[in-house]
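Given next are the chains, with one letter for each unit.
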Amino acid sequence: MIERRADPRLLRLAALAGMIGPVLLAGAIVVLTVAQYDFIRSLRWDPLTAPTVDWPSGLSLGPYGGWMVAAFVTCGLLLPGFAYGLRRALPDDRASRIGCLLLALAGGAMVALSSPTDPTYGGGPPTLAGITHDAAFVALGLTFWPALLVLARSFRRDPRWSGYATFTLVVAAVVGPAFALKGLAFYGLLVGVVCWFEVIAARLWRLASSAGPTET
């Protein structure tokens, strides 16, 4: 059962935010990569030998780049809502407070990623927008990855969530190195992030549904 302080309707909205945001971002990356394939290749990106050279961030520089910017912003704005709902569905302890706060801050970093990146090759001196983008990526790694570790601890302490603690740690093991090493591991980061949000958001939805419409 969900604690009575948590409104099931709010939790369903939060769960939807957690489901929609990452899928929207991943979908935008896939569609825009196909639609702007020649452009992103012109930036010296290669899906096997140079998978993170201006990808996926460089998609915002192409002819349909506005959609990539919109995807970064939308996903980032939805994450704090998901974090708030998850916080209300977890025990009121230090681990859940810190973990959900870090998750919300990761949403802010995601919004900042909408600042256009500087091309790696032939782009001239660094711009303020490019510096902001790079700093946002670092901030994302310093908030989302620790959030997974802390939330895994919170999950383990709650019988309703204990089955998701190991899963969260596995995702953290995949995501952490990818933030630092990039390369082909970056694909694992993207898949791991989307899978984690979908699984945890689905669990949040089920808990909200089991609470009933009258619980507040």
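Everything numeric in this text was worked out from a predicted model, so none of it was measured.

With respect to the overall build of the protein chain
A count of helices and strands for the protein chain gives 7 helices and 0 strands. Along its sequence from the N terminus, the protein chain presents helices and strands in the succession α-α-α-α-α-α-α. Since a compact globule built from 216 residues should have a radius of gyration of about 17 Å, the 18 Å found for the protein chain is in line with a globular shape. Expressed along its principal axes, the backbone C-alpha trace of the protein chain runs to roughly 55 × 30 × 30 Å. Here the protein chain holds 216 residues, and 47% of them are scored as buried. A sequence separation of at least 24 residues applies to 74% of the contacts in the protein chain between residues at least 6 apart. A total of about 10000 Å² of accessible surface is found on the protein chain, and carbon and sulfur atoms cover 70% of it.

What about the nonpolar core?
The biggest cluster of nonpolar side chains holds 55 residues, and the ones touching the most others in it are Phe-82, Leu-86, Leu-103, Phe-144, Phe-155, Trp-161 and Trp-196. Secondary-structure elements contributing two or more residues to this core are α1 (8-35), α3 (65-89), α4 (94-112), α5 (128-156), α6 (165-181) and α7 (185-211).

Remarks on the state of the cysteines
Evaluated as defined, the whole model comprises 0 disulfides. Its sulfur unpaired, Cys-100 is 16 Å from the next cysteine sulfur, which belongs to Cys-75.

Regarding the pattern of salt bridges
According to the stated counting rule, one finds 5 salt bridges in the structure shown. Of the charged contacts, one joins Arg-9 and Asp-7 as a salt bridge, the two residues approaching to 3.2 Å between their closest N and O atoms. Where Arg-87 meets Asp-92, a salt bridge forms, and the shortest distance between an N and an O atom there is 2.4 Å. Residues joined by salt bridges that share partners form a network here, namely Arg-87, Asp-92 and Arg-97.

Concerning unusual backbone geometry
Cis peptide bonds are those with omega within 30 degrees of zero, and the linkage from Trp-55 to Pro-56 qualifies with 5°. Relative to the helices and strands, Pro-56 resides in the loop between α2 (37-42) and α3. Despite not being glycine, Arg-44 shows a phi value in the positive range, around 80°. Looking at where Arg-44 falls in the secondary structure, it is placed in the loop between α2 and α3. Taking the relative accessible area as the measure of exposure, Arg-44 reaches 53% and is therefore exposed. The phi dihedral of Asp-54 falls on the positive side, at around 55°, and the residue is not glycine. Mapped onto the elements, Asp-54 comes out in the loop between α2 and α3.

Observations concerning α6
Taking 1.5 Å of rise per residue, the 17 residues of α6 would be expected to cover 24 Å, and the 25 Å separating its terminal C-alpha atoms lies within 8% of that figure. Where α6 is concerned, the buried positions are Ala-165, Thr-168, Val-171, Ala-172, Val-175, Gly-176, Ala-178 and Phe-179. One or two residues past the end of α6 sits Lys-182, with phi positive at roughly 55°.

Here's the deal with a nonpolar patch on the surface
A cluster of nonpolar side chains, Leu-13, Leu-16, Ile-20, Leu-24 and Trp-205, forms an exposed patch at the surface whose accessible area comes to about 440 Å². Looking at the nonpolar patch element by element, the count peaks at 4 residues for α1.

Some words on the packing of aromatic side chains
This model, assessed by the stated rule, comprises 12 aromatic pairs. Between Trp-55 and Tyr-187, the aromatic rings sit 5.7 Å apart at their centres with planes inclined by 70°, giving edge-to-face as the arrangement. Here the residue Trp-55 occupies a position in the loop between α2 and α3, and Tyr-187 occupies one in helix α7, the gap between them amounting to 132 residues. Each member of the aromatic cluster is reached from another via a ring pair, and the members are Tyr-37, Trp-45, Trp-55 and Tyr-187. A cation over an aromatic ring shows up here: Arg-44 above the ring of Tyr-121, its NZ or CZ 4.2 Å from the ring centre.

Analysis parameters
- Residues numbered from 1 in each chain as written.
- Predicted model: local features only at pLDDT ≥ 70, side-chain atom pairs only at ≥ 80, totals over all residues.
- Heavy atoms only, no water.
- Helix = DSSP H or I, 4+ residues; strand = E, 2+ residues; numbered from the N terminus.
- Rg over C-alpha atoms; globule rule 2.2 N^0.38 Å.
- Buried < 20%, exposed > 50% of the residue type's maximum accessible area, 1.4 Å probe, protein only.
- Contact = heavy atoms within 4.5 Å.
- Areas by Shrake-Rupley, 256 points an atom, 1.4 Å probe, with all protein chains shown as cover.
- Core = buried A, V, L, I, M, F, W, Y, C linked by side-chain atoms within 4.5 Å.
- Disulfide = S-S within 2.5 Å.
- Salt bridge = Lys/Arg side-chain N within 4 Å of Asp/Glu carboxyl O.
- Expected span 1.5 Å × (residues − 1).
- Patch = residues over 30% accessible without salt bridge, like charges linked within 9 Å, V, L, I, M, F, W, Y side chains within 5 Å.
- Phe/Tyr/Trp six-rings, centres within 6.5 Å; stacked < 30°, edge-to-face > 60°.
- Lys NZ or Arg CZ within 6 Å of the ring centre and 35° of its normal.

Nothing here speaks to function; it is all geometry.
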